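Structure at a glance
One letter stands for each residue in the lines below.
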Amino acid sequence: MSYRVGLFLKYLDEEYQASIFRGAAKAAEKEGIELICIQGDGSDNPIIPVSSHTALNLDGIIFLSSVLLNNSSDKAAQKLKDAFKPVPVVSIGVQLKDIPSIICQSETSVKKELDHLMEHHKYKKFLYLGGPKDNHDNQIRENVIKKVLEEKIKKSDKYSLTVKNGILFSESDGLKLAQDYCNKNPKKNIDVILAGSDDMAVGILKYINSVAPESYRKCPIVGFDDIPLAKTDQIALTTIKQPTEKLGEQAVQMMWNILRKKQVAQVKKIPSTLIIRNSCGCRGYHDDKSTHKDEHPLQREQFLRDVSYYGQEISSASDFSEIENPLAEFLTNIACRDFALAIYDKPVKNIPAKARLKLHITDFIIEKKNDATKLLTLKEIFKKILSSKKDPASPRCLYHLRVGEKRLGFILYTVDKNSPIYVSMAGMFLSHAIDRIFKFKSEKNRARELEREVEKRTAELKKESLRRQKVEEEVLKISDLERLRFSLDLHDDICQRLAAMAMICKKDSEKNPELKILFEMATETLARTRQYAHDSFPVELDFADICEALQSLCRESEHFNDLKISFTQSGTPSDLTSEQKINLFRIAQEALQNSIKHAKAKNITLSISFTERNINLTVTDDGIGLNEKNISKNDFKEKRRPRGLGRRSMEYRANQLNGTFKIESGKNSGTKVIVTIPKITSAEKEMS
């Protein structure tokens, strides 16, 4: 008999959960179990999507409690059982009452680590920078540390322990905690830092080895988890290795026995292991790269680049049809054979009973017969997309698309068990794109209602026109906010990964020509990605005047392109509203990009002039000029979008400022973009 088991976790975009998934997938393949990894659900008060798991016809549930639950109370355990009743449940990471549980036994390893630090290195003053105070895993680690050191403190006042907690087990939280501690204690008063996780340790190291007070440089540090980055020569982190893959394997094995009516233990503990490297003060560790089982760095870089390109492609989508082609291309690039996208009728708080199957791909082929307009029950959708033959080596993943509390739909996909992280990362972009489309459609519907009102009440034409302009202004704000979010995502996620890749490659680049090439590629890609992030939302607009921002834009554009870009200004600059600044900057940015990409120009001049009543912005180039006949279908593929869209965007922004937009051009005679907007009055300044 074949069983279908659901693995509930948060997201596969970090190593702890991805490693548990790999272990579970390996065991499921061995036992012939159909595993479905369900991402994006579960909370401290687990209102689990019963309609979702019932529609999937799951025979068993494996629940990653260490991530999805903030406490291990009897009440939480009972709610979990009630949510899935009568389906059996296995818990990973947290021991829950009356629920078979697989947990990591870490107390012994933490004690060994502390003994090593105190006996071998003679450290006495400890700083623990941990995760969330109420988190189950953090409580175990913190309690062991306190218990061991309190015994030492009773015997000698030379020992001390300081504890600080973050909100997450993340790099950024580790960095913030270290920064806060060093700011309050500029003179080093500790011997060693105990980090709540390896991710936190990486963030702490970034701070203390770069901008922390000099006395903290090279401060010994230890972590917890043993993520891949901890093994590198640059980090060489002494840490405690959680048997995450084994946790996943044993959870599946336990569920396998439960489904076959075999007796299982209520709790199974798997020991962790102390890994001693160089960060604690020891020496002699060297990364043996031959033991790495991860994908090749070039493949990883290409996948990350594919995710980035995909995010850019759908960032301006205003309709579901504009998502399909970029999504299909991305899935092909990462070798995702089977994929389904289902979208609810509207954003909802709880999972509804029905959805529309917008896209269905089987063996890389889009199903043409699929009726994307038909509303189907979740059971009908799952029956259809799960009916295809399953490859045991490629488990399925269900990713709930959501933004905050809003549920938008879900994707169900099959991917190699070693690379689900990339689809999980792409799911974030897809969620925000769909949310934006819903907002856009909502605004579009509002605009249509306004138009019908205008037809009925011509006497109120002016009033209704102003309301429509406000709707258009809201759409622009949504677009700019999305640019900011995309810019931050690029900088905080992709750039950090590229920087880490460059650090790894740099170590032996002089000895290995291939690593040197890879290092240069990673460095160049990092620089370009940072530039993309900056171009998406330039921070100087927040504090610089428009002239400084435009001059900076010219310098940066000239730096990355082989042509001369000049900036001139005339007249006395006047104060602008934030709306005027961002729209003028976007117009200049779009006009410059058009000249750089399409005009084949050698010289470009950006000018701004201030007269008594108006502000004039011009962008002039000496290129080939506009020739509408040259705009072909290839422009859609090669340039990612038709050139006319940029022109409409500039005109749209000029109209928002009650200004005028004009293009002067002729074949082989260059192009001039001219925008004129009125200055704001004193009364308007006070209102803004």
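For the structure, see preceding data.
Residues numbered from 1 in each chain as written. Predicted model: local features only at pLDDT ≥ 70, side-chain atom pairs only at ≥ 80, totals over all residues. Heavy atoms only, no water.

1. A look at a positive patch on the surface
We apply this condition: Patch construction takes residues with relative accessible area above 30% that form no salt bridge. Like charges are linked within 9 Å, and nonpolar side chains (Val, Leu, Ile, Met, Phe, Trp, Tyr) are linked within 5 Å. We get accessible surface area from the Shrake-Rupley algorithm with a probe of 1.4 Å; when it comes to residues, only the shown protein chains can shield them. A carboxyl oxygen of Asp or Glu within 4 Å of a side-chain nitrogen of Lys or Arg is what we treat as a salt bridge. Note that His is not counted, nor are the chain ends; the positive residues are Lys and Arg, and the negative ones are Asp and Glu. Note on charges: their place is set at NZ of Lys, CZ of Arg, CG of Asp or CD of Glu. For helices the rule is a DSSP run of H or I covering at least 4 residues; for strands it is a run of E covering at least 2, with both sets numbered from the N terminus onward.
Residues Lys444, Arg448, Arg452 and Lys456 make up a contiguous surface patch of positive charge. Position of Lys444 among the secondary structure elements: in helix H13 (residues 421–456).

2. Description of the pairing of strand S8 (residues 192–195)
Note on strand geometry: in a regular strand, side chains alternate between the two faces of the sheet. Worth spelling out the cut-off: For each residue, the accessible area found with a 1.4 Å probe, counting protein chains only, is set against the maximum for its type, and the residue is called buried under 20%, exposed over 50%, and partly exposed in between. Strands are labelled as partners when DSSP assigns at least two bridges between them. With its strands directed away from the observer, a crossover is right-handed exactly when the path from the first strand over the helix to the second travels clockwise.
Here S8 shows a buried face lined by Val192 and Leu194 and a second buried face lined by Ile193 and Ala195. The sheet contact formed by S8 and strand S9 (residues 221–222) spans two bridges and is parallel. In the strand pairing of S9, Ile193 is matched with Ile221. This β-α-β element, S8 to helix H8 (residues 198–208) to S9, shows right-handed connectivity.

3. Considerations on the packing of aromatic side chains
Geometrically, a pair of aromatic rings is defined through the distance of the ring centres and the angle of the planes. To be explicit about the condition: The rule is short: rings of Phe, Tyr and Trp, with Trp giving its six-membered ring, pair when the centres are within 6.5 Å, and they are stacked under 30 degrees, edge-to-face over 60, tilted in between. As a reminder, the over-ring test applies to NZ of lysine and CZ of arginine, requiring each to be within 6 Å of the ring centre and within 35 degrees of the ring normal.
Applying the stated criterion to the full structure yields nine aromatic pairs. Lying over the aromatic face of Phe224, Arg141 brings its terminal NZ or CZ to 3.8 Å of the ring centre.

4. Side note on the nonpolar core
One broad trend across soluble globular proteins is that nonpolar side chains are buried collectively. Using the following cut-off: The term nonpolar core refers to a set of buried residues drawn from Ala, Val, Leu, Ile, Met, Phe, Trp, Tyr and Cys, joined through side-chain atoms within 4.5 Å. Between two residues, a contact is recorded if the distance between any of their heavy atoms is within 4.5 Å.
In terms of nonpolar packing, the biggest core is built from 80 residues, with Phe339, Leu341, Tyr413 and Ile434 touching the most fellow members. In terms of residue count, H13 provides more of this core than any other element does, eleven residues in total. Sequence-distant contacts of Leu341, that is, excluding residues within four places in its chain, are made with Leu327, Arg356, Leu357, Lys358, Leu359, Leu401, Phe410, Ile411, Leu430 and Ile434.

5. A few points about the environment of Thr577
With respect to the helices, strands and loops of the structure, Thr577 is situated in the loop between strand S19 (564–570) and helix H17 (578–598). A relative accessible area of 16% places Thr577 in the buried class. Sequence separation of Thr577 and Lys679 is 102 residues, and the distance between their C-alpha atoms is 9.8 Å.

6. Some points on helix H7 (residues 171–184)
Heads up, the rule is: What a helix is expected to span follows from its residue count: subtract one and scale by 1.5 Å. Along the arc lie the directions from the helix axis toward the C-beta atoms.
Spanning 14 residues, H7 covers 20 Å between terminal C-alpha atoms, matching the ideal 20 Å at 1.5 Å per step. Within the sequence span of H7, burial applies to Asp173, Gly174, Leu177, Ala178, Tyr181 and Cys182. One side of H7 carries all its buried residues, which in axial view fall inside an arc of 160 degrees. Exposed residues pointing more than 90 degrees away from the buried face of H7 are listed as Lys176 and Asn183. Contacts from the buried residues of H7 go to strand S6 (125–130), strand S7 (160–165) and H8.

7. Details of the pattern of salt bridges
Evaluation of the coordinates by the stated rule reveals 27 salt bridges. The residue Asp82 makes a salt bridge to Lys85 at a minimum N-O spacing of 3.5 Å. Taking the shortest distance from any N to any O, the salt bridge between Glu558 and Lys564 comes out at 4.0 Å. Judged by its relative accessible area of 45%, Lys564 is partly exposed. When salt bridges that share partners are traced, they join Glu15, Arg22, Lys26, Glu245 and Glu249 into one network.

8. Concerning the sheet that holds S8
In plain terms, the rule: Between the N-to-C directions of two axes lies an angle of 0 to 180 degrees, each axis being a line fitted to C-alpha atoms and, for a helix, fitted only over the stretch in contact.
The strand order across the open sheet built from four strands is S7-S6-S8-S9, with neighbouring strands paired in parallel fashion. With one partner strand each, in any of the chains shown, S7 and S9 form the two edges of the open sheet. Of the pairings in the sheet, the one linking S6 to S7 comprises six bridges and is parallel in character. Counterpart to Tyr128 in the pairing with S7 is Val163. Across the sheet, H8 lies against S6, S8 and S9, angled at about 140 degrees from S8, the strand it touches most.

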